[in-house]
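This is what each chain is made of:
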Amino acid sequence: MDIKALREANPEHWMKACAIRTLTLDAVAAANSGHSGMPMGMADVATVLFEKHLKFDASAPDWPDRDRFILSAGHGSMLLYSLLYLTGYKDMTLEEVKNFRQLGSKTAGHPEYGHAKGIETTTGPLGQGIANSVGFALAEEVQRARFGKKIVDHHTYVIAGDGCLMEGVSQEAIGLAGKHELGRLIVFWDNNNITIDGTVELSDKTDQVQRFKASGWHVQEIDGHDPDAIDTAIAKAKKTRRPSMIACKTHIALGSSAQDTSKGHGALTDAQLIEDTKAAYGWNYGPFEVPEDVKSAWEKIGKRGTQERKDWETRLLSLSTGRQKEFGRIIEGDVPKKLSATIKALKKQISETAPKVATRKASEMALEVINPIMPETFGGSADLTGSNNTKTGDLGVFSPDNRKGRYIYYGVREHGMAAAMNGMVLHGGTKAYGGTFMCFTDYARGAMRLSALMGVPATYVMTHDSIGLGEDGPTHQPVEHLALLRATPNMNVFRPADAVETAEAWEMALSSKSTPSVLSLTRQGIPTVRTDHTLRNEVSKGAYVLAEADSKRRAILLATGSEVSVAMEAKQLLEQQGIGTRVVSMPCWELFEAQEEKYRRKVLPAGPVRVAVEAGVRHGWDRWLLGERGKEAKAGFVGMDSFGASAPAGELFTHFGITAENTVSAVKALL
């Protein structure tokens with residue numbers, strides 16, 4: 001690569017791009033870790049994008065109609081941090097850049113949502129950023145259809161690398177975007193032909209250009225170091241109605257002795273290499289030093305969108321007061337005031353009629369009253385709409401012909417669905433929920449973990465939650481999944497006992513602003529256990545006394561979901577034998593754990609024996625059986641310790657001993 005020719009062809013552009021490159025070299029060297037090569041290779045693309053196309057205002061980073069920039073290749077985080085510092089984002093100071101990868105800094109090893117403004121999503125697990133971007137683009141389309149182009153009219157730009165495109169979730173995302181003609185989505189592929197192990201040919205021979213074309217994308221191929229070609233390609237991409245991929249042929253670690261090698265992917269910390277590279281760039285400045293003219297040019301870029309943002313604010317004020325308030329409400333993530341009354345009315349109806357329904361059906365019943373009053377909800381399912389009960393009649397189906405539709409058929413793409421949900425919620429203005437079978441949280445796990453890590457309140461509707469699904473057998477019967485999900489920090493796992501608890505769980509999930517929710521729902525019909533209507537949302541406490549002992553309390557049964565009715569039946573049998581038994585429903589451990597100790601002691605006092613009943617593994621239950629004033633000699637568990645089997649549900653509960661009779665035996669053995 002002729003560095004001298006690049007310098008001379010576009011000297012002003014070159015110096016701006018080299019500010020990114022040299023800040024990256026200095027920050028990685030100071031941290032003695034990181035990834036230098038990608039920012040060095042993609043600095044030209046990023047410079048042209050920010051200078052000539054990206055709609056943003058560094059002084060108003062939360063402007064709802066800004067373009068979104070997502071660094072899917074999150075290992076190259078210094079590219080993003082450099083851009084934020086150079087353009088004048090208030091919380092991305094030079095000191096933060098100098099503290100790259102240090103404890104407490106905003107400049108984490110990989111971009112982390114919430115650490116600094118301008119970081120639109122957490123990336124680093126490859127493929128997640130490009131998959132999130134589909135959700136960002138979906139949210140933009142839906143909100144533009146609702147509020148009009150004067151209020152919502154922006155693009156989502158992504159930089160993705162070879163690793164992102166190798167991850168399977170990328171194809172799920174690419175296929176979705178192509179099918180739905182998300183023309184506001186523009187992806188730059190950093191085509192540098194290098195991975196950690198070596199050249200891409202070691203592990204892959206995919207023709208990425210043809211792959212994107214086959215998925216319905218508009219594709220261009222350019223020299224990723226030619227600013228004119230980059231500018232022209234972005235302008236063309238903005239005009240097409242299809243999502244765009246711009247294949248940018250680049251040189252990783254440009255201008256260094258590690259250029260075009262796997263070494264260039266990692267941390268370039270050798271002092272001589274850095275000195276030689278800066279000399280090749282014509283950069284005669286000290287560590288972390290950006291000349292005043294270059295910094296001011298970048299700051300001017302950061303202010304380029306100020307007038308456009310002010311014009312947008314004027315247009316927003318031209319809306320009726322009601323429309324302004326509604327736009328503000330959904331962007332802030334607030335639920336409508338009528339949600340509480342709507343849920344209370346549904347609960348009353350359920351308690352009075354006491355239906356025996358699967359909680360997946362109860363979830364649909366809740367959505368039938370929620371969706372009409374919350375136009376920001378956006379539902380979907382990974383090819384299991386009829387099984388997950390996620391679609392209500394009022395939603396309409398999202399498609400290229402119906403941008404007002406609020407339901408999407410994701411196809412068999414659990415991971416892509418979860419990642420897109422994250423993107424929709426991160427975009428703002430959308431309450432995304434999506435369904436699949438509980439067992440297939442395995443396929444969605446990467447994105448679900450990031451929901452929790454980022455504090456993104458997506459709602460996962462996971463049905464067929466135990467051996468109760470019956471004949472589909474152990475491949476589909478989750479036994480360890482509740483434990484896996486409960487082990488994840490900042491994730492609320494709801495397993496409601498009936499239709500009343502399901503409605504309450506939905507209210508909690510939709511009201512959350514910083515915690516994702518999993519609704520673990522049954523395939524099989526289960527009785528209503530909450531037959532006395534209460535205005536209070538009992539699920540909000542995580543656990544509560546469902547039924548008190550009729551005589552002196554000697555046992556406490558703890559249960560969730562479909563096994564609460566098993567516990568209630570066992571209570572009846574125990575009471576007949578003079579054993580006073582309390583039943584505690586525990587629909588959400590995480591919320592119960594957050595309660596004051598005084599409340600937890602009231603629900604789980606010392607003294608009585610405790611038996612937990614749940615059609616899953618015991619892992620995690622000892623927190624409530626042995627802790628919270630419990631004792632090992634007074635604790636038992638009725639549940640699963642193996643995978644399931646293929647048979648009708650009723651037979652399986654008997655076969656695996658999850659019955660009222662076995663629960664009674666477990667209690668009596670402890671007394």
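The sections below set out a description of the structure shown in this document. (Residues numbered from 1 in each chain as written. Predicted model: local features only at pLDDT ≥ 70, side-chain atom pairs only at ≥ 80, totals over all residues. Heavy atoms only, no water.)

**Some details on the side chain of H155**
Heads up, the rule is: Strands are runs of DSSP state E lasting at least 2 residues, helices are runs of H or I lasting at least 4, and numbering of each runs from the N terminus. Relative accessible area decides the class of each residue, using a 1.4 Å probe on protein chains only: under 20% of the type maximum gives buried, over 50% gives exposed, and in between gives partly exposed. The contact definition used throughout considers only heavy atoms, calling two residues in contact when any of these lie within 4.5 Å.
Considering the arrangement of structural elements, one finds H155 in the loop between α6 (128-147) and β2 (156-161). Residue classification places H155 among the buried positions, given a relative accessible area of 11%. Excluding residues that lie within four positions of it along the chain, H155 makes contacts with D67, R68, G183, R184, I186 and K238.

**A look at the side chain of S215**
Let me state the cut-off plainly: Under the rule applied, a polar contact is a pair of N or O atoms within 3.5 Å (in protein, one hydrogen donor and one hydrogen acceptor; residues adjacent in sequence only if both atoms are side-chain atoms).
Along the chain, the position of S215 falls in the loop between α9 (208-214) and β4 (218-223). By relative accessible area, S215 is classed as buried at 16%. For S215, the side chain forms a polar contact with the side chain of Q171, separated by 3.2 Å. When sequence neighbours within four positions are dropped, the list of residues in contact with S215 reads Q171, I174, G178 and K179.

**Observations concerning the pattern of salt bridges**
In plain terms, the rule: Any Lys or Arg side-chain nitrogen found within 4 Å of a carboxyl oxygen on Asp or Glu counts as a salt bridge.
The tally for this structure, following the rule as stated, stands at 39 salt bridges. Residues K52 and D231 are paired through a salt bridge, measuring 3.9 Å at the closest nitrogen-oxygen approach. Residue K52 is found in helix α3 (residues 37-53), and its partner D231 is found in helix α10 (residues 227-239); the two are separated by 179 residues along the sequence. As a salt-bridge pair, E548 and R582 come within 2.7 Å of each other at their nearest N and O atoms. Taken together, the residues E548 in the loop between β12 (544-547) and β13 (553-559) and R582 in strand β14 (residues 580-585) connect sequence positions 34 residues apart. Salt bridges sharing partners connect three or more residues here, namely E593, E597, R600, R601, R623, E628 and R629.

**A few points about the layout of surface pockets**
Rolled over the atoms, a probe with the dimensions of a water molecule shows which regions are left empty. Applied cut-off: Only protein atoms enter the 1 Å grid used here, on which a cavity is any set of points holding a 1.4 Å probe that cannot leave and a pocket is any open set flanked by protein within 12 Å on both sides along at least five of seven lines; residues with an atom within 4 Å of a point are listed as lining. Grid points are joined across faces, edges and corners, and a volume is the space filled by probe spheres set on the points. In this classification, the charged set is Asp, Glu, Lys and Arg, the nonpolar set is Ala, Val, Leu, Ile, Met, Phe, Trp, Tyr, Cys and Pro, and all remaining amino acids, among them Gly, are polar.
Its boundaries defined by the atoms lining it, the largest pocket holds a volume of some 740 Å³. Looking at the largest pocket, it is lined by 33 residues, and the ones nearest its centre are Y113, I331, V425, L426 and G428. If you list the elements that add at least two residues to the lining of the largest pocket, you get α14 (321-332) and α18 (414-427). It is α14 that contributes the most residues to the lining of the largest pocket, four residues altogether. Across the lining of the largest pocket, the residue classes break down as 11 nonpolar, 10 polar and 12 charged. As a volume, the second largest pocket reaches approximately 280 Å³. In terms of lining residues, the second largest pocket is bounded by 16 residues, among which Q524, S562, S565, V566 and F653 are the most central. Residue classes in the lining of the second largest pocket are distributed as seven nonpolar, six polar and three charged.

**What to know about the nonpolar core**
Let me state the cut-off plainly: Joining through side-chain atoms within 4.5 Å is the link that ties buried Ala, Val, Leu, Ile, Met, Phe, Trp, Tyr and Cys residues into a set, and such a set is a nonpolar core.
Grouped together as the largest cluster of nonpolar side chains are 66 residues, with contacts concentrated most on F50, F69, L79, F188, I246 and W298. The dominant element in this core, judged by the number of residues it contributes, is helix α2 (residues 11-31), at 10 residues. Apart from residues no more than four positions distant in its own chain, F50 is found in contact with F56, F69, L83, T87, W298, I301 and R304.

**Side note on the packing of helix α4 (residues 77-87) against helix α12 (residues 292-303)**
Threshold: Orientation is described by axes fitted as lines to C-alpha atoms, over the contacting stretch for helices, and by angles from 0 to 180 degrees between their N-to-C directions. Reported orientations rely on four angle classes, namely roughly parallel under 35 degrees, roughly antiparallel over 145, roughly perpendicular from 65 to 115, and oblique for the rest.
Running from amino to carboxyl end, α4 crosses α12 at an angle of 90 degrees, the nearest separation of the two axes being 7 Å. Compared by their axis directions, α4 and α12 come out roughly perpendicular. Seen from α4, the contacting residues are L83, Y85, L86 and T87; seen from α12, they are K295, W298, E299, I301 and G302. Within the contact of α4 with α12, the residues separate by chemical class into five nonpolar, two polar and two charged.

**A word on the environment of L25**
With respect to the helices and strands, the residue L25 is situated in helix α2. Among the residues examined, L25 registers a relative accessible area of 0% and is labelled buried. Put simply, L25 and R600 are 575 residues apart on the chain and 53 Å apart in space, counted from C-alpha to C-alpha. Beyond its immediate stretch of four places on either side in the chain, L25 contacts M40, L268, I274, T277 and Y281.

Functional significance is not addressed by these values, which are geometric in nature.
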